[in-house]
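Chains, contacts and geometry: an overview
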Amino acid sequence: KNLSKKRKSQIIFNFLAILVSGFAEFISLGLVIPFLGIILNPNIIWNKDYMQKISGIFGYTSGDQLIIPISIFFILSIIFANGIRTFNIWFTLRLSAAIGSDISSLMYFKTLNQPLQMHLNRNSSSIVILLIRNTSQTWNAIRSFLQVISASIISLSIIFLLILVNSSIALGIIILFGISYLSLAFVIREKLSHNSELITLEAKKLVQLVQEGIGSIREILLRNNQILFVNKFNMSDKKYRTTVAENAFLTTFSKFIMEPIGITLIALIAILMISQNYESSEVIGLLGTFALGSQRLLPSLQELFRGWGKIKISRADLKAIYNFLNLPDFDNYISNNPIIFKKNITLKSIRFRYDKKTPMILKGLNLEIKKGEKIGIVGPTGSGKSTLIDILLGLIEPNDGEILIDNINILDKNNFHNINDWRSIICYVPQDIYLGDCTIKESICFGEKRENIDIKNVISAAKKADIHSFINTLPNKYETFVGERGLRLSGGQRQRIGLARALYQKSQVVILDEATSSLDNETEKSVMNSIYKLGKEITIIMVAHRLTTLRNCDRIIKIKDGQIVLFNQSEKDLNLQP
């Protein structure tokens, strides 16, 4: 149900092509007996009444004249059957890749479109595994499913033809192969399911270990405990790869059991027919048909078995992807009608907790912020500052209360677009500015297509953030690459680019969440001076630990235990260390 109409149409086309392939297999295999018969004894074929009638239409008068046309027709049928089968393999792989790409994009969209609370509750390694490994394995399962359909139809076509040729022998072969494959599937099914869960678990551990190792590289180097991390990684990696190898064996070893069984069957059929005094031409015709039929049938059955095994292996991945795709769709409305913020932001009786098992973080909080004000927010760790910021950003919905922007309730369920209209006029500057490995220009215009970048607006924003002069000292100016996570820039420069990003978006409200806490005093002072120079048309809300950061704010608000306990008081009364 998550596939597009185009993909569904392609699946139907693929199914029809598989039916044509099955019919081609039926015809090519059915021509084996007349081909071998005409080679061994042309008169056997010529003596058939229907053959003389058909031959008469084309002017043939004897069996010898049929050798070349029947041979050509047989060769063409083999070429066509293999050609359509090759096309089906190509089309199936392309189609499964396209479906896999669609699902990957849909998964990424779903991930980015989930509410903040989901991301806070999920381990980042789970998201990485979901987007990379689980999605990749789902593509493998889809490919295997399409191949199973193809193998099933081709197998049924071959089986039907063999039954028409000799039902007793065909049924014996079908029963033997059927029981053999079903027995193997029964024996390994639980092992494949168990291995599927184990591989997913170990893959998650590997991603976690990589993240921990890279994220803690300074501590690891200082403590010289690389071996501890390497041993953990090696243990999980060994389990992961051993289990993958075991699954690969379990889904392929049947081939080496079935091939000797097939050859033995052909030999037994030959002995049986000779012992029952069949004519040599009849023996060769039947043996040729069953030999070619088995040669065609065994790979199809093996493909069916291997495809089933791969789907079984991907069970945990399919379940994870299916569950994630069926999460409720969240509003992705893009605002074309931003709120014109004129007067004030009012929070009324805001109450919030993350779930019923956790305590209330905000307990009936009330706050009014006027347009153009520069508000500072302080409070001890765990007081609810970050939660309040997330609610102001519209990233978390409070359990109770209202948020009014000039008397417009942005939480109004009947006007779902209000929240996105509000988000379109605000910008967030966190403590750690994320900068991709791109140019300074692209970093300032975060998330915007390169061809849509307004360079005049970029320069204007950079000047207001007091970073323009520094950029002009760089060799490539605004086209200079900043390095992964902005490693080629200092902390102050990264924060200024973050501020320029906010100003480029022409945001009416800028929220800074401890944006200068990692800077030294002089750099912080310089960045804050840039912020305080912004005009009265921009409302600024800042969270900080150091009061020196907030001393030029119009008001300083203190939060404690989820409530505003003091505001508009002197710095000394805030009872915080400067």
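For the structure itself, consult the block above.
The sections below set out a description of the structure shown in this document. (Residues numbered from 1 in each chain as written. Predicted model: local features only at pLDDT ≥ 70, side-chain atom pairs only at ≥ 80, totals over all residues. Heavy atoms only, no water.)

As for the pattern of salt bridges
Here is the rule we go by: For this analysis, a salt bridge means a side-chain nitrogen from Lys or Arg found within 4 Å of a carboxyl oxygen belonging to Asp or Glu. Only DSSP runs of H or I covering at least 4 residues are called helices, and only runs of E covering at least 2 are called strands; the numbering of each starts at the N terminus. Only protein chains enter the area calculation, which uses a 1.4 Å probe; residues under 20% of their type maximum are buried, those over 50% are exposed, and those in between are partly exposed.
Tallied over the entire structure, the rule returns nine salt bridges. Between Lys-441 and Glu-479 there is a salt bridge, with the nearest N and O atoms lying 2.7 Å from each other. Within this pair, whereas Lys-441 is found in helix H16 (residues 440-444), its partner Glu-479 is found in the loop between helix H18 (468-472) and helix H19 (491-504), the two being separated by 38 residues in sequence. Note on Lys-441: relative accessible area 12%, which makes it buried.

Thoughts on the environment of Gly-288
Heads up, the rule is: Residues count as neighbours in contact if any of their non-hydrogen atoms are within 4.5 Å of one another.
Along the chain, Gly-288 turns up in helix H12 (residues 280-313). Sequence separation between Gly-288 and Leu-29 is 259 residues; the distance between their C-alpha atoms is 9.4 Å. Beyond its immediate chain neighbours, meaning those up to four positions away, Gly-288 contacts Val-32 and Leu-36.

So, the packing of aromatic side chains
We count it as follows: Between 30 and 60 degrees the pair is tilted, below 30 it is stacked and above 60 it is edge-to-face, where a pair is any two Phe, Tyr or Trp rings, Trp via its six-membered ring, whose centres lie within 6.5 Å. Two thresholds decide whether a charge sits over a ring: the Lys NZ or Arg CZ must be within 6 Å of the ring centre and within 35 degrees of the ring normal.
Evaluated as defined, the whole model comprises 10 aromatic pairs. Here the aromatic rings of Phe-87 and Phe-91 are separated by 5.8 Å at their centres, their planes lie at 20°, and the arrangement is stacked. Of this pair, Phe-87 and Phe-91 both sit in helix H5 (residues 67-112), four residues apart, which is roughly one turn of the helix. Ring centres 6.5 Å apart and planes at 50° place the aromatic pair Trp-90 and Phe-91 in the tilted group. Residue classification places Trp-90 among the partly exposed residues on the basis of a relative accessible area of 45%. Taken together, the ring pairs in this structure connect Phe-13, Phe-87, Trp-90 and Phe-91 into an aromatic cluster. Above the plane of the ring of Trp-139 lies Arg-143, whose end atom (NZ or CZ) is 4.7 Å from the centre. In this arrangement the basic side chain of Lys-232 is found over the ring face of Phe-229, its NZ or CZ atom lying 6.0 Å from the centre.

Examining the nonpolar core
Nonpolar side chains in soluble globular proteins tend to be buried together. Heads up, the rule is: Here, nonpolar core means buried Ala, Val, Leu, Ile, Met, Phe, Trp, Tyr and Cys residues that are tied together by side-chain atoms lying within 4.5 Å of each other.
Judged by nonpolar contacts, the single largest core of 40 residues is most densely connected at Ile-440, Ile-444, Ile-531 and Met-542. Of all elements in the fold, only strand S6 (426-429), H16, helix H17 (455-464), H19, strand S7 (509-513), helix H20 (521-532), strand S8 (539-543) and helix H21 (547-550) reach the threshold of two or more residues within this core. Of all the elements, H19 adds the most residues to this core, at six residues. Every residue in contact with Ile-440, bar those within four places of it in the chain, is listed here: Ile-471, Leu-474, Lys-477, Tyr-478, Thr-480, Val-482 and Ile-497.

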